[in-house]
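Summary of structural features
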Amino acid sequence: MDRVKSGSPLYWPGVAAAPDFLQEGQLVRLCTGRAVLAVARPVADPKRPGYYQFKPVRVLI
């Protein structure tokens, strides 16, 4: 949660679930339980092909 609060990208190890058809650039919610923490855009992870990092666009907490 601290990474999201600071606006830092979130990587796959910190993501419990993602939509089946994730596309780079679409908006997604970063949530914990029922609380929405931020709105983010998935960006291809240059170090891990096929994986994304989630860059917050708007932090809500």
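Quick summary incoming for the structure in this document. (Residues numbered from 1 in each chain as written. Predicted model: local features only at pLDDT ≥ 70, side-chain atom pairs only at ≥ 80, totals over all residues. Heavy atoms only, no water.)

**Some thoughts on the packing of aromatic side chains**
- Within the structure shown, the criterion is met by zero aromatic pairs.
- Between the NZ or CZ atom of arginine 48 and the centre of the ring of tyrosine 51, over which it lies, the distance is 4.0 Å. (Phe/Tyr/Trp six-rings, centres within 6.5 Å; stacked < 30°, edge-to-face > 60°. Lys NZ or Arg CZ within 6 Å of the ring centre and 35° of its normal.)

**Description of the pairing of strand β2 (residues 28-32)**
- As paired strands, β2 and strand β3 (residues 35-44) are joined by five bridges and run antiparallel to one another. Bridge pairing in β3 places threonine 32 opposite alanine 35.
- Counting the residues that bridge the hairpin from β2 to β3 gives two residues, and of these glycine 33 lies at a positive phi of roughly 60°. (Pairing = 2+ DSSP bridges. Helix = DSSP H or I, 4+ residues; strand = E, 2+ residues; numbered from the N terminus.)

**Digging into the nonpolar core**
- Core analysis: the largest hydrophobic core is formed by eleven residues, namely Val4, Leu10, Val15, Leu22, Val28, Leu30, Leu37, Ala38, Ala40, Tyr52 and Phe54.
- Within the residue set of this core, elements represented by two or more residues are β2, β3 and β4 (52-59).
- The element contributing the most residues to this core is β3, with three residues.
- The contacts of alanine 40, once residues within four sequence positions are left out, are Gln26, Leu27, Val28, Leu30, Phe54, Lys55, Pro56 and Val57. (Core = buried A, V, L, I, M, F, W, Y, C linked by side-chain atoms within 4.5 Å. Buried < 20%, exposed > 50% of the residue type's maximum accessible area, 1.4 Å probe, protein only. Contact = heavy atoms within 4.5 Å.)

**A short note on the side chain of aspartate 45**
- In this structure, aspartate 45 sits in the loop between β3 and β4.
- Notably, aspartate 45 is buried but unbridged: the nearest opposite-charge side chain belongs to arginine 48, and the N-O separation is 5.4 Å.
- Those residues within four positions of aspartate 45 in sequence are excluded, and the remaining contacts are Tyr11, Tyr51, Tyr52 and Gln53. (Lys, Arg positive; Asp, Glu negative; His and termini not counted. Salt bridge = Lys/Arg side-chain N within 4 Å of Asp/Glu carboxyl O.)

**Some remarks on the environment of leucine 30**
- With respect to the helices and strands, the residue leucine 30 is situated in strand β2.
- Residue classification places leucine 30 among the buried positions, given a relative accessible area of 8%.

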